[in-house]
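Spelled out, the chains give:
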Amino acid sequence: MNTLILVIFVVLIHLGTGVKIHKLDVPEIIHFGHPVILDCDFTLETNDQELVVKWFFNNTLVYQWIPGTKKRPQVSGILKDRLNLEYVASRDANSVHRALHILKALPDLSGDYTCSVSTMQSEDIETKTMVVLVLAKSLKLQRIRGDDGVIEVQCIAEGVFPMPQMTLSSLKRNITGPEVTT
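These numbers were taken from a predicted model, which means no experiment stands behind them.

Cut-offs applied
Residues numbered from 1 in each chain as written. Predicted model: local features only at pLDDT ≥ 70, side-chain atom pairs only at ≥ 80, totals over all residues. Heavy atoms only, no water. Pairing = 2+ DSSP bridges. Helix = DSSP H or I, 4+ residues; strand = E, 2+ residues; numbered from the N terminus. Buried < 20%, exposed > 50% of the residue type's maximum accessible area, 1.4 Å probe, protein only. Patch = residues over 30% accessible without salt bridge, like charges linked within 9 Å, V, L, I, M, F, W, Y side chains within 5 Å. Areas by Shrake-Rupley, 256 points an atom, 1.4 Å probe, with all protein chains shown as cover. Salt bridge = Lys/Arg side-chain N within 4 Å of Asp/Glu carboxyl O.

Comments concerning the pairing of strand E4 (residues 52-57)
Relative to strand E8 (residues 111-118), E4 runs antiparallel, the two being bridged by 6 bridges. Pairing of lysine 54 across the sheet is with serine 116, part of E8. Alignment of E4 against strand E5 (residues 60-65), held across 5 bridges, turns out to be antiparallel. Of the residues in E5, the one forming a bridge with lysine 54 is glutamine 64. Adjacent in sequence and paired antiparallel, E4 and E5 are bridged by 2 residues, among which asparagine 58 carries a positive phi angle near 50 degrees.

Set out below in structure tokens:
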């Protein structure tokens, strides 16, 4: 019985798990205008063949690289002309172009990034969300006293992304029907 368990264990070890993404490095927040690197660190089994690395933005294919071909990575959609295709993520020939080096983060690049690493034998996929934060160009907060004793608080934020969620609360009194205009 112990011999059978040992044989099954050895067979499972030799079968391996195939391609495996160990770390998908996508920052949750990046500041407007900054460069950013999205990295998909993975390993292959020795018998894996015909590797393909793909990146998706909000479920749309935007990047594909096939190691071993003379072709450069293929870029399309929202990332077209926005990547440094000379960026090298690793010295390993199978992961040289596994990462995306975005030259300048803009608000339209906020969304879900999915890395897909596949071979003829297996596939692994992971997704993370990135938000490009734009700090307010101006922020104005003022209190205005109305003729009827009503106090109005006005907060104006301009040039900010994503759209802020604004609320008004008081420890001393209930605030009824605050009006939020965007």
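Continuing now.
A few points about unusual backbone geometry
In the segment running from phenylalanine 161 into proline 162, the intervening peptide bond is cis, with an omega of -5 degrees. Looking at the element boundaries, proline 162 is found in the segment after strand E11 (151-158). Of note, the phi angle at asparagine 58 is positive, near 50 degrees, even though the residue is not glycine. Tracing the chain through its elements places asparagine 58 in the loop between E4 and E5. Classification of asparagine 58 as partly exposed rests on a relative accessible area of 36%. Backbone geometry places aspartate 81, a non-glycine residue, at a positive phi of 65 degrees. Tracing the chain through its elements places aspartate 81 in the loop between strand E6 (74-75) and strand E7 (100-102). Classification of aspartate 81 by relative accessible area gives exposed; the value is 73%.

Some points on the pairing of E8
Of all 8 residues in E8, 7 are buried; the element is thus mostly enclosed. Here 8 bridges tie E8 to strand E9 (residues 123-133), and the two strands are oriented antiparallel to one another. Pairing of serine 118 across the sheet is with glutamate 123, part of E9. Hairpin geometry of E8 and E9 is characterised by an intervening segment of 4 residues between the two adjacent antiparallel strands.

Points about a nonpolar patch on the surface
Judged by side-chain polarity, Leu141, Ile151, Val153, Leu168 and Ile175 come together as a nonpolar surface patch covering roughly 420 Å² of accessible area. With respect to the element layout, leucine 168 can be found in the segment after E11.

Considering the pattern of salt bridges
Counting across every chain of the model gives 5 salt bridges. Between arginine 72 and glutamate 86 there is a salt bridge whose closest N-O contact spans 2.8 Å. Of this pair, arginine 72 sits in the loop between E5 and E6 while glutamate 86 sits in the loop between E6 and E7, and the two are 14 residues apart along the sequence. Of the residues examined, arginine 72 reaches a relative accessible area of 45% and is grouped as partly exposed. Take glutamate 86: its relative accessible area is 54%, and that puts it in the exposed class. Through salt bridges that share partners, Asp39, Asp41 and Arg98 make up one connected network.

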